[in-house]
Amino acid sequence: MTRTRRVRAARRPFWRWRRNPLRRHSDVVEAWIVLAVWTLALLGGLLAGGAAGAAVHRSFTDRSAATHPVSARLTENAADGPPVIAGYDVGKAWVTVRWTAADGSTRTGLAKAVPTAKAGSPLQVWVDRGGRLVGPPPSRAEVTCESLATAVLVAPVVATAVWGGGWVVRRQLLRRRLAEWDAEWRQIGPQWRNFSGGKG
């Protein structure tokens, strides 16, 4: 491709912005719609992705703030408990543990421990503000990964939705333009055929 052709190809998308006798009002409207759609798709996608990622991060942070670790002790050998058969802790066993709550009462619950753990062994568990046994909160790396993954997934979805809305608007504009052309041709067509000797 020569330099002249490359320049013409680069200018082609911007012809609606230049003054020329063939440019219609609908062409200018379409140009603004295209600009608005791309701007909203990019900015909207980035903002929505950032907001979704921040919401996930805030949710995990609130969850971490609502739990705290306590020291518990196994009431039985872990080898006697049922094995964990799903998740990241496959290979561990469910075992009953006992700990002392903040109000001084003794609590028990099920926790995961390595099969070699013996009765009376210490085990760190996590409880919520009500003293109920809960799973450990996610690490900082896990929170960061989840937040980024959410942002990466949400951003293109929002951008695609905005682009789809713009495509529908442009489609309606094109139909209106074609209808206007048909109406004008019905008026100009007979005159054109008269000028061309009935051959137009």
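Check the entry above for the structure.
Residues numbered from 1 in each chain as written. Predicted model: local features only at pLDDT ≥ 70, side-chain atom pairs only at ≥ 80, totals over all residues. Heavy atoms only, no water.

### A closer look at the side chain of T150
Turning to step 1, where the next piece is worked out: Within the fold, T150 resides in helix 3 (residues 140-195).
Turning to step 2, where the next piece is worked out: In terms of polar contacts, T150 uses its side chain to reach the backbone carbonyl oxygen of E146, at 2.8 Å.
Turning to step 3, where the next piece is worked out: Not counting the four nearest positions on each side in its chain, T150 is found in contact with A52, G53 and V56. (Helix = DSSP H or I, 4+ residues; strand = E, 2+ residues; numbered from the N terminus. Polar contact = N/O pair within 3.5 Å; in protein donor to acceptor, adjacent residues only side chain to side chain. Contact = heavy atoms within 4.5 Å.)

### Digging into the layout of surface pockets
Turning to step 1, where the next piece is worked out: Taken as a whole, the largest pocket holds about 630 Å³ of empty space.
Turning to step 2, where the next piece is worked out: Taken together, 24 residues make up the lining of the largest pocket; nearest its centre are D89, K92, K112, G135 and P136.
Turning to step 3, where the next piece is worked out: Secondary structure elements with two or more residues in the lining of the largest pocket: helix 2 (25-65), strand 3 (106-113), strand 4 (122-128) and strand 5 (133-134). (1 Å grid on protein atoms, 1.4 Å probe; cavity = no way out; pocket = protein on both sides within 12 Å on 5 of 7 lines; lining within 4 Å. Points joined across faces, edges and corners; volume = space filled by probe spheres on them.)

### Some details on a nonpolar patch on the surface
Turning to step 1, where the next piece is worked out: A cluster of nonpolar side chains, W38, L42, W163, W167 and V168, forms an exposed patch at the surface whose accessible area comes to about 580 Å².
Turning to step 2, where the next piece is worked out: Counting only elements with at least two residues in the nonpolar patch, the list comes to helix 2 and helix 3.
Turning to step 3, where the next piece is worked out: Here the element with the most residues in the nonpolar patch is helix 3; it accounts for three residues.
Turning to step 4, where the next piece is worked out: Along the chain, the position of W167 falls in helix 3.
Turning to step 5, where the next piece is worked out: Classification of W167 as partly exposed rests on a relative accessible area of 46%. (Patch = residues over 30% accessible without salt bridge, like charges linked within 9 Å, V, L, I, M, F, W, Y side chains within 5 Å. Areas by Shrake-Rupley, 256 points an atom, 1.4 Å probe, with all protein chains shown as cover. Salt bridge = Lys/Arg side-chain N within 4 Å of Asp/Glu carboxyl O. Buried < 20%, exposed > 50% of the residue type's maximum accessible area, 1.4 Å probe, protein only.)

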